[in-house]
Number of protein chains: 2
Amino acid sequence: MKVDQLSQVRQEIRSGRWQRPTAGLTPGRVQANLVVLPKRLAYDFLLFCVRNPKPCPLIEVTDPGSPVPRKTAPGADLRTDVPRYRIYRHGEWVKEVSDIRPYWTEDAVAFLLGCSFTFESILLEQNIPVRHIEEEKNVPMYRTAIPCEPAGAFQGNLVVSMRPLASRDVIRSIEITSRYPQVHGAPVHVGDPQEIGINDLSRPDYGDAVTVRPGETPVFWACGVTPQAVAAASRPEWMITHAPGHMMITDMKQEDLVGING
Amino acid sequence: MKVDQLSQVRQEIRSGRWQRPTAGLTPGRVQANLVVLPKRLAYDFLLFCVRNPKPCPLIEVTDPGSPVPRKTAPGADLRTDVPRYRIYRHGEWVKEVSDIRPYWTEDAVAFLLGCSFTFESILLEQNIPVRHIEEEKNVPMYRTAIPCEPAGAFQGNLVVSMRPLASRDVIRSIEITSRYPQVHGAPVHVGDPQEIGINDLSRPDYGDAVTVRPGETPVFWACGVTPQAVAAASRPEWMITHAPGHMMITDMKQEDLVGING
């Protein structure tokens, strides 16, 4: 089955027939991380995102109780249109489901945050190879010693993703990604991992290790795992997120991201 | 008296000796609009800003009760370091003061929003003349027919400022300001005022009319009056803002704005 039409893909996901990762689905559409929290925590979390735009680039915030992302996917329902969700209680992951209608509340606020799938597809279009895609692995992610700006209940250190690049691609990748602040923007660090508190590139905290070839420089981008990790650490009564790799596909096209925040 | 040192200017303002507009003070430092609201309205207002980044570019949001903008002016006190403030009750302006310590509350949240003084000084540095500065007037501002994205209690139409430019400067001004999303970014409209609901350029809703010469194109930018007007229209129990033109001068330099959100 060829599923390249947005409405068709969304219907497959909504019906529960597609419960696999979304990488490569509907090329060119912006995919997003999902975090759902009760309204009483929404101010602190929103402020955390505003204060930490690199790990937490806000794509959209829904009105309390409404599962409709009016701006980026007005025909969608955030309770059914993500392939897999994770339910957390007091910060502990308790369940993975494909439909969160039974868990949705009248005070639920959904946050859609930019995701690196989008900037990776832009890098590939510009002929910059992405190692973990070449090696068919998950991107390596690391906890750093860089503290995020805290906001109310939410605090913690930045998580980064790493892509090793040849020197000529380091500069180009910075130029390109700096134009896309809504999907993590420019890197946060280039070069020596120890400078940001990473001791061993071959032992990532999340995802898989990838080959770093002689002469390549590791380039580190702020990672969307940060807000989920920070939110879970505050042990909220309940929280719902997408399952890793199972993103919300919005109607928005990659090219709409340029200048969106300007 | 030559006051070009930030600490000296801040002391002058703090002591109440400087109660005049801040245009031209401490060249190169980012100046900001101020809106202070009670915590219970802060979520809706923060979300309004996030949903409407062009009129409401967030520079900083303080922790509830703290008058210190930790990120952009860690040594400052927002209760004394703005030359003139306006106190509003239920949306009505009741008083103008130079010290808001008597009005500050434990649940006060201060929002610093980007201000067009900064992008005007960047335009001037690039030899793009700014008409209202040439004519020693206040910038002309207009209510438009463009609705902002509402958020909870806050809704209303966009207010824009207008600068007439020669054709060669129109493109350059868009290129330049689009690099500064934190101070309103790229224009929202170029050309026919009626397209955005403005019937008569010679009758601005705020500020002064300026000369539009033959062959010039009016260029419209989102304006920081928008959030104040929208906040007042929701008639909050209390609200404090800066008095027009009497801005908060931050420690941040203009050049720090490039890439701040990326």
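Residues numbered from 1 in each chain as written. Chains lettered and ligands numbered in written order. Predicted model: local features only at pLDDT ≥ 70, side-chain atom pairs only at ≥ 80, totals over all residues. Heavy atoms only, no water.

As annotated in an unreviewed UniProt entry, chain A carries the name Putative hydro-lyase SAMN04488112_12623 and comes from Melghirimyces thermohalophilus. Comment text from UniProt for chain A, heading Sequence similarities (unreviewed entry), reads "Belongs to the D-glutamate cyclase family." (UniProt positions renumbered as here; feature names shortened; annotations may be inferred.)

Draft legend 1. Structural context of the sheet that holds strand S9 (residues 217-222) of chain A. Residue and element names in this part refer to chain A. Here we have 4 strands laid out as an open sheet, ordered S6-S7-S9-S8, and antiparallel in their pairing. Every other strand in the sheet has two partners, leaving strand S6 (141-147) and strand S8 (189-190) as the edge strands with one partner each. Direction of pairing for strand S7 (residues 157-165) relative to S9: antiparallel, over a ladder of 6 bridges. Each bridged residue has a counterpart across the sheet, and for Leu165 the counterpart in S9 is Thr217. (Pairing = 2+ DSSP bridges. Helix = DSSP H or I, 4+ residues; strand = E, 2+ residues; numbered from the N terminus.)

Draft legend 2. Summary view of the relation of the copies chain B and chain A. You can overlay chain B on chain A at an RMSD of 0.0 Å; the transform is a turn of 180° with a shift of 0.0 Å along its axis. Classification of the inter-copy transformation places it as that of a two-fold axis. When C-alpha distances to the rotation axis are compared across chain B, the minimum falls at Tyr43(B), with a value of 2.6 Å. When the interface residues of chain B are mapped onto chain A, 100% of them again fall at the interface, so both copies present the same face. (Least-squares fit on C-alpha atoms with pLDDT ≥ 70 in both. Contact = heavy atoms within 4.5 Å.)

Draft legend 3. A look at the side chain of Asp169(A). Counting through the fold element by element, Asp169(A) comes out in helix H5 (residues 167-177). Buried charge Asp169(A) goes without a salt bridge, the closest partner of opposite sign being Arg168(A) at 4.2 Å. (Buried < 20%, exposed > 50% of the residue type's maximum accessible area, 1.4 Å probe, protein only. Lys, Arg positive; Asp, Glu negative; His and termini not counted. Salt bridge = Lys/Arg side-chain N within 4 Å of Asp/Glu carboxyl O.)

Draft legend 4. Main features of unusual backbone geometry. Residue and element names in this part refer to chain A. The backbone of Thr26 shows a phi angle near 40°, a positive value even though the residue is not glycine. Its place among the elements puts Thr26 in the loop between helix H1 (6-14) and strand S1 (29-38). Among the residues examined, Thr26 registers a relative accessible area of 3% and is labelled buried.

Draft legend 5. Geometry of the domain arrangement of chain A. All names here are of chain A. Taken domain by domain, chain A consists of domain 1 (6-115 + 234-257) and domain 2 (117-226). Inter-centroid distance (C-alpha atoms) of domain 1 to domain 2 is 22 Å. Across the boundary between the two partners, domain 1 contributes 26 residues, which contact 27 residues of domain 2. Here domain 1 and domain 2 share an interface that buries about 2,100 Å² over both sides, 63% of which is from carbon and sulfur atoms. Here domain 1 and domain 2 share 0 salt bridges between them. Put simply, domain 1 and domain 2 have 10 residue pairs in polar contact (both at pLDDT 80 or more) between them. Residue assignment for the side of domain 1 that touches domain 2 shows that the elements contributing at least two residues are S1, helix H2 (39-51) and strand S2 (58-61). Examining the composition of the side of domain 1 that touches domain 2, we find that 6 residues originate from one element, H2, more than from any other. (Domains from an automatic or database assignment. Buried area = accessible area lost by both parts, 1.4 Å probe. Polar contact = N/O pair within 3.5 Å; in protein donor to acceptor, adjacent residues only side chain to side chain.)

Draft legend 6. Representation of the sheet that holds strand S7 (residues 157-165) of chain B. In spatial order, the strands read S6-S7-S9-S8 (chain B); together these 4 strands make up an open sheet with antiparallel pairing. In the strand order of this sheet, the two ends are held by strand S6 (141-147) and strand S8 (189-190) of chain B, each with one partner.

Draft legend 7. The arrangement of the packing of helix H3 (residues 116-125) of chain A against H5(A) in detail. Residues and elements named next belong to chain A. Between H3 and H5, the shortest axis-to-axis distance is 11 Å and the interhelical angle comes to 130°. As the angle between them shows, H3 and H5 are arranged oblique. The hand of the H3/H5 crossing is right-handed. Each of Phe119, Ile122 and Leu123 in H3 lies in contact with H5, whose residues at this interface are Ser173, Ile176 and Thr177. Of the residues assigned to the contact of H3 with H5, the class counts are 4 nonpolar, 2 polar and no charged. (Axes fitted to C-alpha atoms, helices over the stretch in contact; angles between N-to-C directions. Parallel < 35°, antiparallel > 145°, perpendicular 65-115°, else oblique. Left-handed = near helix turned anticlockwise from the far one by under 90°. Nonpolar A, V, L, I, M, F, W, Y, C, P; charged D, E, K, R; others polar.)

Draft legend 8. Structural context of the interface of chain B and chain A. At the junction of the two partners, chain B supplies 24 residues and chain A supplies 24 residues. Between chain B and chain A we count 4 salt bridges in total. With its nearest N and O atoms 3.9 Å apart, the salt bridge here joins Arg70(B) to Glu149(A). Put simply, chain B and chain A have 4 residue pairs in polar contact (both at pLDDT 80 or more) between them.

Draft legend 9. Fine view of the packing of aromatic side chains. Inspection of the entire model under this criterion finds 6 aromatic pairs over all chains. Between the aromatic rings of Phe119(B) and Trp221(B), the centroid separation amounts to 5.1 Å while the plane-to-plane angle is 40°, which identifies the pairing as tilted. Of this pair, Phe119(B) sits in helix H3 (residues 116-125) while Trp221(B) sits in strand S9 (residues 217-222), and the two are 102 residues apart along the sequence. We classify Trp221(B) as buried; its relative accessible area is 0%. The rings of Phe45(A), Phe111(A) and Phe154(A) are connected pair by pair, giving a single aromatic cluster. Between the NZ or CZ atom of Arg20(B) and the centre of the ring of Trp18(B), over which it lies, the distance is 4.3 Å. (Phe/Tyr/Trp six-rings, centres within 6.5 Å; stacked < 30°, edge-to-face > 60°. Lys NZ or Arg CZ within 6 Å of the ring centre and 35° of its normal.)

Draft legend 10. Structural view of the side chain of His189(A). Residues and elements named next belong to chain A. Structurally, His189 can be placed in strand S8. Looking at His189, its side chain comes within polar contact range of the main-chain oxygen of Asp192, at 2.7 Å. Excluding its chain neighbours within four sequence positions, the residues that come into contact with His189 are Glu195, Ile196, Pro218, Val219 and Phe220.

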